[in-house]
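Reading the structure
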Amino acid sequence: MPEVPETSTPSWPPRIRFLRIGDVVIDLALRRVLHGEQATELPQRVFDVLLLLAAEPHVLHTRQALLARVWSGVIVEDANLSQSVSVLRKALGEAHKTWIRTRSKQGYVFEPPFDIEALETWAPGEAPVAGVAVEEEAQVRDPAAPAVTGPASRRALSVRATLATAAALALLATLAWWLLPRLATPGDAPALPASVTLIPVEDPGRDNVDAASLELLDAWLGWKLGSLPDVTVLTPAHLAADPAAQARNTVVLLSTGPSPQGPETRVVRARFEKDGEVHRLQQEGDPADVALLVDRLSDAVLAALYPDRPPQAWPSLRVTPEAATGFLALERARRAHHWGDAVQAGDALVREAPDFALGHLHLARAQATLGRLPEARRHLETARELLQPMPAEAEALLKAQQLALSNDHAAAAEAYARLAQRYPDQTWFAQQQARALGRAGRFADALALMQTPIWDRPLPASTEMQKWFNRAIFQAPLGDLEGAIESARKADALAAAAGEEWAYDRGHTLMLLAQLQVDSEPDRDTRAGFEAAAAQFEKAGDAFSALRARFLGEVLGPPKAQYRYLDEWLAQARAAGQRQLELGALRAAAFQQYRAGNIQAYRLRLMQAMAVAESMDDPWSTNAIERDLLNEEYLQGRFTQAGERIARMAGNDQQGELVTWARLFEVFIDQMQGRNARALAAAERGRTRMDDPGLPSPSQSVRDRYACASGQIQTTMGDPQAARASYARCPATDPALELVAIIGLAEVDLDTGDTVAALAGLHRALGKLPDLDTAPGRWILKLEIAPLLAAAGEREEAERLNRDVLPEVQRAGYGMLTAMAQVGLAELALSRGELDESRRWAGQARASLPEPIWLVDQRIDLVEAGLARLAGDPAGADARLRTLEHEAGSRDDMLARLRALDALQGTTASGRVATTRMALVARTGLRGVSVDWMMPPAGGDSLKGDDTP
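Rules used in this analysis
Each chain carries its own residue numbering, running from 1 in the direction its sequence is written. Predicted model: local features are reported for residues with pLDDT of at least 70 only, side-chain atom pairs are reported and counted for 80 or more only, and whole-chain, interface and lining totals are derived from all residues. Side-chain descriptors were evaluated using all non-hydrogen atoms of the structure, hydrogens and water having been removed beforehand. Secondary structure follows DSSP: runs of H or I at least 4 residues long count as helices, runs of E at least 2 residues long count as strands, and numbering of each begins at the N terminus. Contacts are residue-level and defined by heavy atoms, with any inter-residue pair within 4.5 Å sufficient. Computed with the Shrake-Rupley method and a 1.4 Å probe, the accessible areas treat only the protein chains shown as cover for residues. Classification of ring pairs rests on two measures: the distance between centres of Phe, Tyr or Trp rings, Trp counted by its six-membered ring, which must be within 6.5 Å, and the angle between planes, read as stacked under 30 degrees, edge-to-face over 60 and tilted in between. For every residue, the accessible area (1.4 Å probe, protein chains only) is compared with the maximum for its type, and the residue is labelled buried under 20%, exposed over 50%, or partly exposed between those bounds. A positively charged side chain is recorded as over a ring if its NZ (Lys) or CZ (Arg) lies within 6 Å of the ring centre. The angle to the ring normal must also be within 35 degrees. What is meant by a nonpolar core is a set of buried Ala, Val, Leu, Ile, Met, Phe, Trp, Tyr and Cys residues, joined one to another through side-chain atoms within 4.5 Å. Angles shown run from 0 to 180 degrees and are taken between the N-to-C directions of axes, each axis being a line fitted to C-alpha atoms and, for helices, limited to the stretch in contact. An angle below 35 degrees is treated as roughly parallel, one above 145 as roughly antiparallel, one from 65 to 115 as roughly perpendicular, and anything else as oblique. Crossings are sorted by hand: turned counterclockwise from the far helix by less than a right angle, the near helix makes the crossing left-handed, and turned clockwise it makes it right-handed. In this description, the arc belongs to the directions extending from the helix axis to the C-beta atoms. The rule for a salt bridge is simple: a side-chain nitrogen of Lys or Arg has to be within 4 Å of a carboxyl oxygen of Asp or Glu. Amino acids are sorted into nonpolar (Ala, Val, Leu, Ile, Met, Phe, Trp, Tyr, Cys and Pro), charged (Asp, Glu, Lys and Arg) and polar (every other residue, Gly among them). Pairing between strands requires that DSSP locate at least two bridges from one strand to the other. One less than the residue count of a helix, multiplied by 1.5 Å, gives the span that helix is expected to have.

Overview of the overall build of the protein
Within the protein, the regular secondary structure consists of 42 helices and 13 strands. Look at the contacts in the protein between residues 6 or more apart in sequence, and 67% of them connect residues 24 or more apart. Put simply, the protein shows about 35200 Å² of open surface, and 51% of that area lies on carbon and sulfur atoms.

Quick look at the packing of aromatic side chains
One pass over the structure, following the stated rule, counts 15 aromatic pairs. When the centroid spacing of 6.5 Å and the interplanar angle of 70 degrees are considered together, the rings of Trp99 and Phe110 count as edge-to-face. You can see Trp99 sitting in the loop between helix H3 (78-92) and strand S6 (100-103) and its partner Phe110 sitting in strand S7 (residues 107-110), a full 11 residues away along the chain. The exposure classification of Trp99 matches that of Phe110, with both residues buried. Judged by centre distance (5.8 Å) and plane angle (70 degrees), the ring pair of Tyr504 and Phe537 falls under edge-to-face. Of the two residues, Tyr504 sits in helix H21 (residues 503-520) while Phe537 sits in helix H22 (residues 527-539), which places them 33 residues apart along the sequence. Put simply, the rings of Tyr416, Tyr423, Trp428 and Phe429 pair up and form one aromatic cluster. The positively charged end of Arg548 is found above the aromatic ring belonging to Phe537, 5.8 Å away from the centroid. Positioned above the aromatic ring of Trp841 is the side chain of Arg840, whose terminal nitrogen or guanidinium carbon lies 4.4 Å from the ring centre.

Description of the nonpolar core
By size, the foremost hydrophobic cluster in this structure holds 128 residues, and its most contacted members are Tyr634, Ile785 and Tyr814. When residues in this core are grouped by element, the largest group, 10 residues, is from helix H35 (residues 775-791). Grouped together as the second largest cluster of nonpolar side chains are 56 residues, Ala219, Leu228, Trp314 and Ala394 included.

Here's the deal with the packing of helix H34 (residues 755-768) against H35
Between H34 and H35, the least distance of the axes is 10 Å, while the angle of their chain directions is 150 degrees. Judged on the interaxial angle alone, H35 and H34 are roughly antiparallel. The interaxial crossing formed by H34 with H35 has left-handed handedness. Within the contact between the two elements, H34 uses Leu759, Leu762, His763, Ala765 and Leu766 and H35 uses Ile785, Leu788 and Leu789.

Describing the environment of Phe551
Topologically, Phe551 is positioned in helix H23 (residues 543-555). Its relative accessible area of 0% is what places Phe551 among the buried residues. Residues Phe551 and Ala585 lie 34 residues apart in sequence; the distance between their C-alpha atoms is 8.0 Å.

Section: helix H32 (residues 720-727)
Three or more residues of H32 are buried, namely Pro720, Ala723, Ser726 and Tyr727. Seen from one end, H32 has its buried residues packed into an arc of 115 degrees, which puts them on one side.

Brief notes about the environment of Thr526
Considering the arrangement of structural elements, one finds Thr526 in the loop between H21 and H22. Aside from chain neighbours lying at most four places away, what touches Thr526 is Ala514, Gln517 and Val518.

Section: the pattern of salt bridges
Counted by the stated rule, this structure contains 47 salt bridges. Measuring nitrogen to oxygen at the nearest pair gives 3.5 Å for the salt bridge that ties Glu381 to Arg384. Note that Glu381 and Arg384 are positioned in helix H14 (residues 373-386) at a spacing of 3 residues, about one turn of the helix. Exposure remark for Glu381: the relative accessible area of 24% places this residue in the partly exposed category. The exposure class assigned to Arg384 is buried, which follows from its relative accessible area of 18%. Asp902 is the salt-bridge partner of Arg917, the closest N and O atoms lying 3.6 Å from each other. Linking Arg917 in helix H42 (residues 910-924) with Asp902 in helix H41 (residues 894-904), this pair joins segments that are 15 residues apart in sequence. Residue Arg917 shares its accessibility class with Asp902, and that shared class is buried. A single salt-bridge network, built from bridges that share partners, covers Glu799, Arg803, Arg832, Glu834, Glu837 and Arg840.

Focus: unusual backbone geometry
A cis geometry characterises the amide bond from Gln388 onward to Pro389, with omega recorded as -5 degrees. Note that Pro389 resides in the loop between H14 and helix H15 (392-405). Although it is not a glycine, His58 sits at a positive phi angle of roughly 65 degrees. With respect to the secondary-structure elements, His58 resides in the loop between helix H1 (44-55) and strand S5 (60-62).

Concerning the packing of H35 against helix H36 (residues 795-812)
The interhelical angle for the contact between H35 and H36, taken along N-to-C directions, is 150 degrees, at an axis separation of 8 Å. By the angle class used here, H35 and H36 are roughly antiparallel. Read as a crossing pair, H35 and H36 show a hand that is left-handed. Between H35 and H36, the residues in contact are Trp779, Lys782, Leu783, Ile785, Ala786, Leu789 and Ala790 and Arg795, Glu797, Ala798, Leu801, Asn802, Val805, Glu808, Val809 and Ala812, respectively. Residue composition of the contact of H35 with H36, grouped by class: 11 nonpolar, 1 polar and 4 charged.

Description of the sheet that holds strand S12 (residues 262-274)
If you trace the 4 strands from one edge of the open sheet to the other, you get S10-S11-S12-S13, paired in mixed fashion. The sheet terminates laterally at strand S10 (195-200) and strand S13 (277-285), the two strands that pair on one side only. Adjacent strand axes in the sheet meet at a mean angle of 20 degrees, parallel and antiparallel pairs treated alike. With 9 bridges joining them, S12 and S13 adopt antiparallel strand pairing. Looking across to S13, one finds that Phe272 is bridged to His279. Across the sheet, helix H10 (residues 290-305) is in contact with S10, strand S11 (249-259), S12 and S13; its angle to S12 comes to roughly 15 degrees.

Brief notes about the pairing of S7
Here S5 runs beside S7; their pairing, made up of 3 bridges, is antiparallel. By the bridge assignment, His61 is partnered in S7 with Tyr108. Pairing between S6 and S7: 4 bridges, direction antiparallel. Of the residues in S7, the one forming a bridge with Arg101 is Val109. Two successive antiparallel strands, S6 and S7, enclose a turn made up of 3 residues, where Lys105 displays a positive phi of approximately 60 degrees.

Some points on helix H19 (residues 461-475)
Counted at 1.5 Å a residue, the expected span for H19 with its 15 residues is 21 Å, and the 21 Å between its end C-alpha atoms agrees. Buried residues dominate H19, accounting for 15 of its 15 residues.

Here's the deal with the sheet that holds S5
With respect to topology, 3 strands assemble into an open sheet ordered S5-S7-S6, the strand pairing being antiparallel. Two strands bound the open sheet, and with one partner strand each, they are S5 and S6. When the angles between neighbouring strand axes are averaged without regard to direction, this sheet yields 30 degrees. Contacts from H3 reach S6 and S7, with the element oriented near 150 degrees to S6.

From the geometry alone we can't say anything about function, so treat these as descriptive.
Structure follows, in structure tokens:
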């Protein structure tokens, strides 16, 4: 029985949602095991054990390996694993529990009698729509798999610079949920000079029938008013916070109850004052006719409020008293922000009353809030069909909302733009247009819209708060963290001044501010900010959002072995059906694992997040995870696959830091493949944004990253003076970019012959490495420093760095980083004359490459040429070196060319070689580029001739 290696990891293509094993189905998104009539949702760790067993069947999983992989970094008792396996067997059922076989005192073997099928979709009793064997498909396409992959070169700033991507992507992961399309109405974002507030008058002694009638009246009249683009509905809390709006506002008091004529008759009432006249309107009738009473009263209120409006056709309200009671349950859950309960109540309601349009509409809003976009689209379309006839403006508003839910965000933005143009006083339409642009990734366009003059006029406090809030969430992905924090502070100040009724809004502004501060001040402990947000949510009665704030404070803080709130948060998010929030939690948890160097756990969380994102049918969420996967493909050395992903991302017409990173990865790949002129041109265009003249000037953060990338390419192309200028633009305020600059300048010093300055810079970088809070970042920089130390004469320290990092990157499955360590060890073994050891490491580095990578291949070629010369094959060595020198020249790689020429000296053509090399050194100033340090004497003579300059 083979034993599974501890470095393997379960992984399926991102599109896979189910695994089928005979009559057992594993739901990857919802963590369920289904068979027959039984469906069991499993706890986090138990499900992780199942994933490992299913990914690697028919092999022995030792208890130690399972504990290390599932409880990575956590001290747990052996009994935890035994209990998890017991729960798994129970979930599989009596007929299948023997699939998990115990090997006494060793571990477990998963032995199902069927093949494991990976399915995109599945329905009980149906054949799979698209299923393949897991082992076969995992080899075909799996961007998260840790297969042995390709190495990187000694000089890979492109590798160095990627270590800064994770922090930016993690911030966007936590911010992305703010852009979720919600089916709000203009009443949720007031802005008109004249407005209406509906206040239901509560009667503690009222029975459920009257309470349901009042809820129905409030919602039906509110929908009609909110559907009119020139009408704004202010909530009581918004009105109380804005004294200026009170003078322009009409308050409509609503009430229901028994009629004075007798208990068998019910009355619905509305009372308000307009133009000095008090209006008292009411409808009486049988309780069974509640829909008719509410309908007639709503029409009467509209006519009295707006007597000059032309008559308009409105749909009839069709609902039974029983359905009205169900609607009451939905609305109470919605107001309490218990969205899962709201969806549950709404589902039951529309099953019992399929023609109740308002029920479908409010259910769609709750589902959209949870990220259940396909269901929300279906119910919104049903509501639109049932809400006929309706005014043209109301129809236009519903169509815009449908477009937003259909993920056609560009069309939704255009629809809201038409409404905003027709009704310029209604800033809610401009706000929704901006949010649709944000959902499309067009952050610069969204921000520009939120900065137009319409936002400079006096606005209600709630609209002013939302203006600054939206600006913050658009500024952050554009790299303007300072501006985003300032906007978030202004939004928070407005929410704080509004009083206790705005505790829920204050919770959101505080949480946004804390998230932004995490990225702008990575060394600052921001848990107090998240805790303050949680306290506001608790004050508002929203325990779920309070837990979310505490969870974010935990995972965005310093790395920890175990997270107190993670499992509770995920369990509650799933139980409530909060897919968007579950996705954000999984991505945040994934990033924490990445920071800690637990790459297997990171990929597992990422796979789970992708399953959730695909179940939501939300391209924005899926695209965000694609960027995480791009980083993985790059570090694995799968450049072809990464290039295909970049091309898909570039076709999404998105803007902001995430797109900047996609373009930066393209620069990195071009440099690694020796396409230096193209890489440098792209880096300079990105720094100045010459290719996007219509967009705002790039943020300083964006310019800094492109400048650092330019420095490495300029060194490679033989322009050390330009490289120094580029590295000078790498900011000391960003720990990662500061280290990139220090190492880059040390490399320039070494290549130009100043070994003392180079060593000083490298030791300075080593001293700052502990300040870097991501383990992969530390691995990358150690592998960058090691060959520079070796060339500068500190070979023992170089050996230590390579050997320290190698097992870490091997466990992580980062083939490119693995190869960097392996080729470094091959060079060091060659320098000691240990030819067999050098040959072994060089062969392993070559085998790690999933595809040719120039900056790696040229290093290995140089080692193999030295080995050939020392093995008595000078002709073979010379041929390899000449090919390398010619190819380096065609790629504008001056460093590789100078090394090849340096190694070629000592051949019969050494005079020509020396002349060529001396001319290149004179032109570039790279007099320190040499292979002397790793080329031992051969047969008593140096590998090089005596005519070395």
